[in-house]
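Read off the chains here:
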Amino acid sequence: MRITIDLTPEEAAQIKALAIRFGAKPSEILTRFASDLTGSLRTSGSDERTHALEYVQRAFFDKIECAYSPEEGLTDEESEKMQRLHAEAWRYRETQQAAWKIEREARHKGLALAAEVR
């Protein structure tokens with residue numbers, strides 16, 4: 001599936017420069033970020049998933065907070081329901097991040113133990 005994104009010429013040049021620096025194609029860099037953000041099977045690892053999600057949460061936090069305002073044409077009841085759903089979604093994300101952290105720590109402990117055994 002293809003998704004088109006809008007970049008300024010400067011942003012495109014920077015993505016190309018990063019790709020050259022890391023020996024990758026610009027599309028590979030953006031695809032890996034998307035894979036980490038979505039937690040797909042092509043993810044680069046738990047740290048990368050956590051950082052991708054944290055980035056999006058920080059970058060769009062202000063938009064999420066105001067997304068369900070009464071000015072949107074919602075009734076007070078609908079607005080309250082949307083706020084509850086929003087809070088529940090954040091709790092889920094926090095739980096997901098905590099699980100990824102546990103996974104990451106377990107992997108690091110496993111690697112440390114493997115190194116001790118050698």
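Conventions used here
Residues numbered from 1 in each chain as written. Predicted model: local features only at pLDDT ≥ 70, side-chain atom pairs only at ≥ 80, totals over all residues. Heavy atoms only, no water. Patch = residues over 30% accessible without salt bridge, like charges linked within 9 Å, V, L, I, M, F, W, Y side chains within 5 Å. Areas by Shrake-Rupley, 256 points an atom, 1.4 Å probe, with all protein chains shown as cover. Salt bridge = Lys/Arg side-chain N within 4 Å of Asp/Glu carboxyl O. Helix = DSSP H or I, 4+ residues; strand = E, 2+ residues; numbered from the N terminus. Buried < 20%, exposed > 50% of the residue type's maximum accessible area, 1.4 Å probe, protein only. Contact = heavy atoms within 4.5 Å. pLDDT = per-residue confidence, 0-100. Expected span 1.5 Å × (residues − 1). Phe/Tyr/Trp six-rings, centres within 6.5 Å; stacked < 30°, edge-to-face > 60°. Axes fitted to C-alpha atoms, helices over the stretch in contact; angles between N-to-C directions. Parallel < 35°, antiparallel > 145°, perpendicular 65-115°, else oblique.

Considering a nonpolar patch on the surface
Turning to step 1, where the next piece is worked out: Nonpolar side chains collect at one region of the surface, where Met-1, Ile-3, Ile-5, Leu-7 and Leu-30 lie side by side and expose about 590 Å² of accessible area between them.
Turning to step 2, where the next piece is worked out: For Ile-5, the location among the structural elements is in the segment before α1 (9-22).

Some remarks on the environment of Arg-32
Turning to step 1, where the next piece is worked out: Summarising the element assignment, Arg-32 is placed in helix α2 (residues 26-38).
Turning to step 2, where the next piece is worked out: Among the residues examined, Arg-32 registers a relative accessible area of 56% and is labelled exposed.
Turning to step 3, where the next piece is worked out: Arg-32 sits 20 residues away from Ala-52 along the chain, and the two C-alpha atoms are 10.0 Å apart.

Here's the deal with the side chain of Thr-50
Turning to step 1, where the next piece is worked out: Here Thr-50 shows up in helix α3 (residues 46-65).
Turning to step 2, where the next piece is worked out: Aside from chain neighbours lying at most four places away, what touches Thr-50 is Gln-97, Trp-100 and Arg-104.

A few points about the confidence of the model for the chain
Turning to step 1, where the next piece is worked out: Per-residue confidence for the chain gives a mean pLDDT of 79; residues scoring 70 or more make up 81%.
Turning to step 2, where the next piece is worked out: Helix α4 (residues 76-117) is the least confidently modelled element of the chain, averaging 73 in pLDDT, while α1 averages 94, the highest of any element.

Describing α2
Turning to step 1, where the next piece is worked out: The terminal C-alpha atoms of α2 lie 19 Å apart, and with 13 residues this matches the ideal 18 Å at 1.5 Å per residue to within 8%.
Turning to step 2, where the next piece is worked out: Looking one or two residues past α2, Gly-39 carries a phi angle of roughly 70°, positive in sign.

Things to note about the packing of aromatic side chains
Turning to step 1, where the next piece is worked out: Evaluation of the coordinates by the stated rule reveals one aromatic pair.
Turning to step 2, where the next piece is worked out: With a centroid separation of 6.0 Å and an interplanar angle of 75°, the aromatic rings of Phe-33 and Tyr-55 are classed as edge-to-face. With Phe-33 in helix α2 and Tyr-55 in helix α3, this residue pair connects regions lying 22 residues apart in the sequence.

Notes on the side chain of Ser-35
Turning to step 1, where the next piece is worked out: When you line up the elements, Ser-35 lands in helix α2.
Turning to step 2, where the next piece is worked out: Here Ser-35 is in contact with Ser-40, Arg-42 and Thr-43, once residues within four sequence places are set aside.

Here's the deal with the packing of α1 against α2
Turning to step 1, where the next piece is worked out: Between α1 and α2, the least distance of the axes is 8 Å, while the angle of their chain directions is 95°. With respect to each other, α1 and α2 are oriented roughly perpendicular. Here Ile-15, Lys-16, Leu-18 and Ala-19 of α1 lie close against α2, whose contacting residues are Pro-26, Ile-29 and Leu-30.

A look at α1
Turning to step 1, where the next piece is worked out: Taking 1.5 Å of rise per residue, the 14 residues of α1 would be expected to cover 20 Å, and the 20 Å separating its terminal C-alpha atoms lies within 8% of that figure.
Turning to step 2, where the next piece is worked out: Directly after α1, the chain includes Gly-23, whose backbone phi takes a positive value near 65°.

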